[in-house]
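Overview (structure and organization)
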Amino acid sequence: MLTKEEKIAYIMLLPAFVLLFSLVGYPLFYSFYLSLVKKQAGQPVTAFVGLANFVNLFKSDTFRLTLQNSLIYTFVAVPLKAILGLVLAVLLSKVARGRRVFRGIILLPWVAPISISTLAWWWMYDPLYSVINWSLIKLGIIKWGIPWLSTTFWARVALITVNVWRGLPFFAVTFLAGLLAIPKDLLESAQIDGAGAFARFFRITLPLLTPLLGVIILYSVVMTIGDFPIVYVLTKGGPMNTTHVFATLAFQEGIATADIARAATIVLFIFPFLAVSSFFQLRVIRKRVGAI
């Protein structure tokens, strides 16, 4: 039997549960339902097809390429953000004067409206008026302009660059908070015992940051693999569908062909992989926290 305090606690949590189910739970379960049926937008369900929608996805060359693009996009951008964010956080922790000003400047890519900032990057990648190409040519690094958004390789490079630029401030500021929370006594004791800067970093700082690092990477993987605005604004999945990720391909399938069942299947395809990776990553984090 529940005590009076426990009953009150559940009653107080009920609005939060209702809100969470309305905004997250219901859309998720409805998406699962759509992935198991045949349905066009604005039309009733015509048939229950089970896992046929998932099987048919693998018959599509565009989807297989999208799967490859999503993995490349995620597993290149996330490590870059983590490494560069950690380096930037260490540098910021060494700044004595103007630390708040630097933090504010670094946060600008993160707080700026993503569509507007991505449009600015689209202009910088423009084949005729690219400020990036102009600068590289003037510096003598290249002789001709790089076709940033019209070839597969450079379009992927452009997308990853914008994603890293966008997410780097979040990593840096979060790591900075973790660095400032590390007791200085540990570092000072290690220094007195003769440990150098690299030894202190890899033996003390990095292990203490591991739980925070795991949570940030998990969050970034989920957000990066589901990225929509950057890819859609810059390339819309082009050229020739070679830069699609799950979100943009689902949007194209759901809007252009009105096949919302197929769109839901595309979006949900990565869900089991994210669930399994999240489980094991959080398990490692718990063990690490317990060890500390």
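Below is a summary of the structure that appears in this document. Keep in mind that this is a model prediction, so the values were computed, not measured.

Structural notes on the overall build of the chain
Scanning the chain for helices and strands turns up 14 helices and 2 strands. Referenced to the eigenvectors of the C-alpha coordinate spread, the extents of the chain come out at roughly 75 × 75 × 30 Å. A sequence separation of at least 24 residues applies to 68% of the contacts in the chain between residues at least 6 apart. With an accessible surface of roughly 17,900 Å², the chain has 72% of that area assigned to carbon and sulfur atoms. A distance of 4 Å separates the average location of the 25 positive side-chain charges in the chain from that of its 10 negative side-chain charges.

Overview of the pattern of salt bridges
Under the counting rule described, the total for this entry stands at 2 salt bridges. Measuring nitrogen to oxygen at the nearest pair gives 3.5 Å for the salt bridge that ties Arg 262 to Glu 253. Summarising the burial analysis for this pair, Arg 262 and Glu 253 share the class buried.

Details of the packing of aromatic side chains
For the coordinates displayed, the defined rule picks out 20 aromatic pairs. For the pair Trp 110 and Phe 170, a centre-to-centre distance of 5.1 Å together with 25° between the ring planes defines the contact as stacked. Taken as a pair, Trp 110 in helix α5 (residues 108-111) and Phe 170 in helix α8 (residues 152-181) lie far apart in primary sequence, 60 residues in all. For Trp 110, a relative accessible area of 32% gives the class partly exposed. An aromatic cluster is present here, built from Trp 121, Tyr 125, Trp 148, Phe 153, Trp 154 and Trp 165 joined pairwise through their rings. The ring centre of Tyr 232 lies 5.1 Å from the NZ or CZ of Lys 236, which sits over that ring.

Here's the deal with the packing of helix α12 (residues 246-256) against helix α13 (residues 260-268)
Running from N to C, α12 and α13 cross one another at 175°; their axes reach a closest spacing of 8 Å. Comparing their axes, α13 and α12 come out roughly antiparallel. For the pair formed by α12 and α13, the contact residues are Phe 246, Leu 249, Ala 250, Glu 253 and Gly 254 on the first element and Ile 260, Arg 262, Ala 263, Ile 266 and Val 267 on the second.

Regarding the nonpolar core
One finds Tyr 73, Tyr 125, Leu 159, Val 162, Ile 230 and Leu 234 to be the most contacted residues of the largest nonpolar core, which totals 16 residues. Ile 230 has contacts with Tyr 73, Ile 114, Thr 118, Leu 159, Val 162, Asn 163 and Arg 166, leaving out every residue within four places of it along the chain. Of all hydrophobic cores here, the second largest spans 14 residues; its members include Phe 54, Ile 225, Ala 263 and Ile 270.

A word on a nonpolar patch on the surface
On the surface, Val 101, Ile 105, Leu 108, Trp 110, Val 111, Tyr 219, Val 222 and Met 223 cluster together into a nonpolar patch covering about 740 Å² of accessible area. Listing elements by their share of the nonpolar patch, those giving two or more residues are α4 (99-106), α5 and α10 (197-225). Examined against the element boundaries, Val 222 turns out to sit in helix α10. Looking at Val 222, the relative accessible area reads 37%, which means it is partly exposed.

Considerations on the environment of Ile 146
Relative to the assigned elements, Ile 146 resides in the loop between α7 (131-138) and α8. Given the relative accessible area of 13%, Ile 146 is considered buried. When neighbours within four sequence positions are excluded, Ile 146 is seen to be in contact with Asn 133, Leu 136 and Trp 154.

Calculation notes
Residues numbered from 1 in each chain as written. Predicted model: local features only at pLDDT ≥ 70, side-chain atom pairs only at ≥ 80, totals over all residues. Heavy atoms only, no water. Helix = DSSP H or I, 4+ residues; strand = E, 2+ residues; numbered from the N terminus. Contact = heavy atoms within 4.5 Å. Areas by Shrake-Rupley, 256 points an atom, 1.4 Å probe, with all protein chains shown as cover. Lys, Arg positive; Asp, Glu negative; His and termini not counted. Charge placed at Lys NZ, Arg CZ, Asp CG, Glu CD. Salt bridge = Lys/Arg side-chain N within 4 Å of Asp/Glu carboxyl O. Buried < 20%, exposed > 50% of the residue type's maximum accessible area, 1.4 Å probe, protein only. Phe/Tyr/Trp six-rings, centres within 6.5 Å; stacked < 30°, edge-to-face > 60°. Lys NZ or Arg CZ within 6 Å of the ring centre and 35° of its normal. Axes fitted to C-alpha atoms, helices over the stretch in contact; angles between N-to-C directions. Parallel < 35°, antiparallel > 145°, perpendicular 65-115°, else oblique. Core = buried A, V, L, I, M, F, W, Y, C linked by side-chain atoms within 4.5 Å. Patch = residues over 30% accessible without salt bridge, like charges linked within 9 Å, V, L, I, M, F, W, Y side chains within 5 Å.

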